[in-house]
Amino acid sequence: MSEISQIDSRLLQERPQHIAIIMDGNGRWARRRGLPRPAGHREGVKAVRGIVEACRNQGIGALTLFAFSSENWRRPRTEVRLLMDLFINTLKREVRDLHANNVQVSFIGDRSAFSDKLRRLMDESESLTADNDGLRLAIAVNYGGRWDIVEAARRLAAEARDGDLDPSEIDEENFSACLSLAQLPEPDLFIRTGGEQRISNFLLWQLAYTELYFTETLWPDFDAQCLSEALEWFAGRQRRFGHTGEQVERLKGA
Ligand code: FPP
């Protein structure tokens, strides 16, 4: 077996296949302009549109966006309602365009808390775009990384209870297969806008080896140029996955 085997492609890759983003800073963007917070969220939707297009142009395979965390219910009721309306209106308005651009849309998170209308729109968007083979866009709503891990544990526990799985057979591979985004490669690049440097219960398991990029830029200002800067930063990173820097350099020189 060669010194560095099955992870070669990730070590050599200069461009992320999968980008995951925490879109932070909508409220501050609005406040700095003397506008109410909803104006920041609406501008945030425009930034989403721009980044989806930029990812398509850059040949990125998958993009996961954290649109609403399981903790965001703690926001004032009026803001939560506004965000739900914004999701509904955005989906209604954008899904045909996404479909026309060959984008495959999916949602991760616990949908049970959402209105029938929103759940229906999510289902319809997924069905409509299921066969598209361009950018795979996953939108995390009422999502939490701990929730995701607990759900996977529950599924495997149920299989064990039913006699379909011996607990000693549980490993990282079959555990990962029960998590959200199992169908995608793990994110190579994580971006958080808005200046905070934390993961905030986003993809806890999936980010184990992801390069973390933090920027002060507020989400509504994050445009194609900002994405290019993040990609340039990523290209300069040396990913090692436990190997030494010398091993990686040797592989790259080979
Ligand atoms: C964080 O900014 C942003 C959110 C909690 C909502 C994100 C939603 C969007 C960008 C729009 C909808 C997206 C889709 C995919 C339909 P914040 O409010 O925490 O900003 P602050 O930290 O400045 O207060």
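From a predicted model like this one, the values you see are computed outputs, not experimental measurements.

**Student:** So what exactly am I meant to see when it comes to the packing of helix 3 (residues 37-58) against helix 8 (residues 224-235) here?
**Tutor:** Each pair of packed helices can be summarised by the angle the axes make with each other and by the distance between the axes. Helix 8 packs onto helix 3 with a crossing angle of 50° between their chain directions and a minimal axis gap of 9 Å. In terms of their interaxial angle, helix 3 and helix 8 are classed as oblique. When you trace helix 3 past helix 8, the crossing you get is right-handed. Residues Ile51, Ala54, Cys55 and Gln58 of helix 3 lie in contact with helix 8, whose contacting residues are Ala224, Leu227, Ser228 and Leu231. When its residues are assigned to classes, the contact of helix 3 with helix 8 shows six nonpolar, two polar and no charged.

**Student:** Explain the pattern of salt bridges to me, please; I cannot follow it from the model alone.
**Tutor:** Side chains that differ in charge, positive against negative, can pair when their charged atoms come close. Taken as a whole and assessed by the stated rule, the structure comprises 16 salt bridges. For Arg28, the salt bridge goes to Asp24, with nearest N and O atoms at 3.5 Å. According to the relative accessible area criterion, Arg28 is partly exposed, its value standing at 23%. Across the salt bridge formed by Glu211 and Arg237, the nearest N and O atoms sit 2.7 Å from each other. Remark: Arg237 occurs in the loop between helix 8 and helix 9 (245-253) and Glu211 occurs in strand 6 (residues 211-214); sequence separation between them is 26 residues. Classification of Arg237 by relative accessible area gives partly exposed; the value is 37%.

**Student:** I keep staring at the packing of aromatic side chains and nothing clicks. Help me out?
**Tutor:** The geometry of an aromatic ring pair is captured by two quantities: the separation of the ring centres and the angle between the planes. Tallied over the entire structure, the rule returns 13 aromatic pairs. Look at Trp73 and Phe114: their rings are 5.8 Å apart centre to centre, the planes differ by 40°, and that puts the pair in the tilted class. Of this pair, Trp73 sits in the loop between strand 2 (62-69) and helix 4 (77-100) while Phe114 is found in the loop between strand 3 (104-108) and helix 5 (116-129), placing the two residues 41 residues apart along the sequence. Note on Phe114: relative accessible area 4%, which makes it buried. With centroids separated by 5.8 Å and ring planes inclined at 65°, the aromatic side chains of Phe190 and Phe214 adopt a geometry described as edge-to-face. Highlighted residues: Phe190 in strand 5 (residues 189-192) and Phe214 in strand 6, separated in sequence by 24 residues.

**Student:** Could you clarify how one ought to interpret the packing of helix 3 against helix 4 in this entry?
**Tutor:** Packing of helix 3 against helix 4 brings their axes to within 11 Å, and their N-to-C directions diverge by 25°. Between helix 3 and helix 4, the crossing angle belongs to the class labelled roughly parallel. Crossing handedness for the pair helix 3 and helix 4: right-handed. Contact with helix 3, carried on its side by Arg37, Pro38, His41, Arg42, Val45, Arg49 and Val52, involves Glu79, Leu82, Leu83, Leu86, Thr90, Arg93, Glu94 and Leu98 of helix 4 and no other residues of that element. A class-by-class count of the residues in the contact of helix 3 with helix 4 yields seven nonpolar, two polar and six charged.

So, how was this worked out
Residues numbered from 1 in each chain as written. Predicted model: local features only at pLDDT ≥ 70, side-chain atom pairs only at ≥ 80, totals over all residues. Heavy atoms only, no water. Axes fitted to C-alpha atoms, helices over the stretch in contact; angles between N-to-C directions. Helix = DSSP H or I, 4+ residues; strand = E, 2+ residues; numbered from the N terminus. Parallel < 35°, antiparallel > 145°, perpendicular 65-115°, else oblique. Left-handed = near helix turned anticlockwise from the far one by under 90°. Contact = heavy atoms within 4.5 Å. Nonpolar A, V, L, I, M, F, W, Y, C, P; charged D, E, K, R; others polar. Salt bridge = Lys/Arg side-chain N within 4 Å of Asp/Glu carboxyl O. Buried < 20%, exposed > 50% of the residue type's maximum accessible area, 1.4 Å probe, protein only. Phe/Tyr/Trp six-rings, centres within 6.5 Å; stacked < 30°, edge-to-face > 60°.

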